[in-house]
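Here's the letter readout for the chains.
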Amino acid sequence: MTETRAWTTEGTDVRTQEESTTESEREHVCPECGGALVTDEEHGETACSECGLIVEADEVDRGPEWRAFDSSERDEKARVGSPTTKMMHDKGLSTTIDWQNKDAYGNTLSANQREKMQRLRTWNRRFQTRDHQERNLRQALGEIDRMASALGLPENVRETASVIYRRALEDDLLPGRSIEGVATSALYAAARQAGVPRTIDEMARVSRVEEEEFKRTYRYVVRELNLEVAPADPVSYVTRFASELDLSDEAERLAREMLDAAKERGVHSGKNPVGLAAAAVYAAPLLTNEKVTQQDVSEVADISEVTIRNRYRELLAAYEEAGQAAVA
DNA sequence: CATTCGTGAAGACGAAT
DNA sequence: ATTCGATTTCACGAATG
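Residues numbered from 1 in each chain as written. Chains lettered and ligands numbered in written order. Predicted model: local features only at pLDDT ≥ 70, side-chain atom pairs only at ≥ 80, totals over all residues.

Peer 1: What am I meant to see in the overall build of chain A here?
Peer 2: In terms of helices and strands, chain A carries 13 helices and three strands. Here chain A, with 328 residues, has 26% of them falling under the buried criterion. In chain A, once contacts between residues fewer than 6 apart in sequence are set aside, the share between residues at least 24 apart is 59%. (Helix = DSSP H or I, 4+ residues; strand = E, 2+ residues; numbered from the N terminus. Buried ≥ 20, exposed ≤ 12 C-beta atoms within 10 Å, placed from the backbone. Contact = placed C-beta atoms within 7 Å.)

Peer 1: What am I meant to see in the protein's contact with DNA strand B here?
Peer 2: The environment of DNA strand B is made up of K215, R219, T293, Q294, Q295, V306, R309 and R313. Those elements giving two or more residues to the surface near DNA strand B turn out to be α8 (211-225), α12 (294-301) and α13 (305-327). Ranked by the residues each element gives to the surface near DNA strand B, the list is headed by α13, at three residues. Grouping the constituent residues of the surface near DNA strand B by class yields one nonpolar, three polar and four charged. (Near = placed C-beta within 6 Å. Nonpolar A, V, L, I, M, F, W, Y, C, P; charged D, E, K, R; others polar.)

Peer 1: Looking at this model, I keep getting lost on the nonpolar core. Mind explaining?
Peer 2: One recurring pattern in soluble globular proteins: nonpolar side chains tend to sit buried together. Among the nonpolar cores identified, the biggest contains 31 residues, and A255, M258, A277, A278, A280 and V281 are the most heavily contacted of them. Those elements that place two or more of their residues in this core are α9 (235-244), α10 (249-264), α11 (273-287), α12 and α13. Broken down by element, the residue count for this core peaks at 10 residues, all from α11. Ignoring anything within four residues of it in the chain, the contact list for M258 reads A280, A283, A284, L315 and Y319. (Core = buried A, V, L, I, M, F, W, Y, C linked by C-beta atoms within 7 Å.)

Peer 1: Help me understand the packing of helix α5 (residues 155-170) against helix α6 (residues 179-193), please; the structure alone is not making it clear to me.
Peer 2: Packed helix pairs are characterised by how far apart their axes lie and by the angle those axes make with each other. Orientation of α5 relative to α6, taken along the N-to-C sense of each, is 130°, at an axis distance of 8 Å. Taken together, the axis directions place α5 and α6 in an arrangement best described as oblique. In the packing of α5 onto α6, the handedness of the crossing is right-handed. Each of V157, T160, A161, I164, Y165 and A168 in α5 lies in contact with α6, whose residues at this interface are V182, A183, A186, L187, A189, A190, A191 and Q193. (Axes fitted to C-alpha atoms, helices over the stretch in contact; angles between N-to-C directions. Parallel < 35°, antiparallel > 145°, perpendicular 65-115°, else oblique. Left-handed = near helix turned anticlockwise from the far one by under 90°.)

Peer 1: How should I be thinking about α11 in this particular structure?
Peer 2: Since the α-helix advances by 3.6 residues per turn, residues separated by three or four positions end up pointing in the same direction. Relative to the 21 Å expected for 15 residues at 1.5 Å per residue, α11 spans 21 Å between its end C-alpha atoms, a close match to the ideal helical length. Taken across its 15 residues, α11 has 12 buried, putting it largely inside the fold. V274, G275, L276, A277, A278, A279, A280, V281, Y282, A283, A284 and P285 are the residues of α11 that are buried. Of the residues trailing α11, N289 is marked for its positive phi of about 60°. (Expected span 1.5 Å × (residues − 1).)

By themselves, these figures tell us nothing about what the structure is for.
This is the structure in C-alpha cells:
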C-alpha cells in the first residue's frame, strides 16, 4: 500500500513531480541510486525522486484513503471541506456565519433577511457550545468510568457521578478547572452519597490530578452545587479495612459496635471519619486477642499512628461507658 | 528488640471577619 | 486576605512486654 503511493498521482495530490521537487527540501540523497530525496508532507513519506524508494514513511498520511482511476470516480469519492485545525474545539468543521449582513455577492441584506440571519447566528452559537460541552462530557465520563473501575465502585455510583458532573458543566463550573479534577470530585461525592466512600488518598491515587488540586476542586464543586454530602460514616470503612487486615468476623463486629457507641456519644463530631474507623479496627482485635499493630492499621487506612492512638483512647472510653450503661 | 504511648511544634482546614 | 481554633501529622523519647 505505502510502497505504491510514490508512483500514484491520484487523490488530492495534485502537485506534479516537478513542483514537489522544487518546493520540498532535498538535503539527503537516495541510498540506492543517489537521486534527490523528496519529502511529501501530505502522505508523510520521504522518497527518492529518481527510483521512488521510500526512506521514511511513518509520519501522518494526510492523503485520502481511497484511490480513483478517472475524474468521475474522483468526484464520486472525494469528500470536500476546509483543512482541519486544532485551534478550534471542533477542528473548524462546524458551520460559521459571518457577522456582516451581506450575502455571498456582497450585497446588503434586507431588514427581513437580517433578522433571520441574527436568529441563525444565535442558534449556531448554541450548537457550537453544546458541541464542545458534549466532548467535554464524553471525556469526563470516560475518566469517571476508569476511576470507578479502579476503585471497584458500582454502576449506580458512576451514574450519580455523571449527574453531578453534568450539573457542574451546566453551571459553568469548569472554566479554570480541569476536567479531570471535576470528574474526580464528582466521583468522590457520588461514592460518599451512596454510602460507599473512598478515602481522599484512594481517590488521588487513581486520579490524574494531584491531591491538592483535587481537594480544592472538590470543595469548590460541593459549595457551588450545594451538594449535600453528609460526613462519611466511619462504619462504612470498617469492612474494607478489616478484610485487608484479615480480621476475624468477631473483631469486625466489635469494631462496628464500638463505632456505634462512639456515635451515640457524639465523640466523632469534627473528627476525620477515617481516623475513627482506623481506631476501631485497631482497638477491636486487642479485645479479641488478635495481633494487629498500629503500624499495620496506619498503612491500610492511611492515617498516622498518632491519630489512631488519640482516637482509640476516646473510642475505648466511649465503649466502656456504653457497656456500663448497658449493665446498669 | 518491637511495639506502644505521650508530647510539643508545625502544617492544614474550615469558619468567621 | 487574614486570623483563629480544632485537628492531624511528624519527630522524638520513654515505657512496656
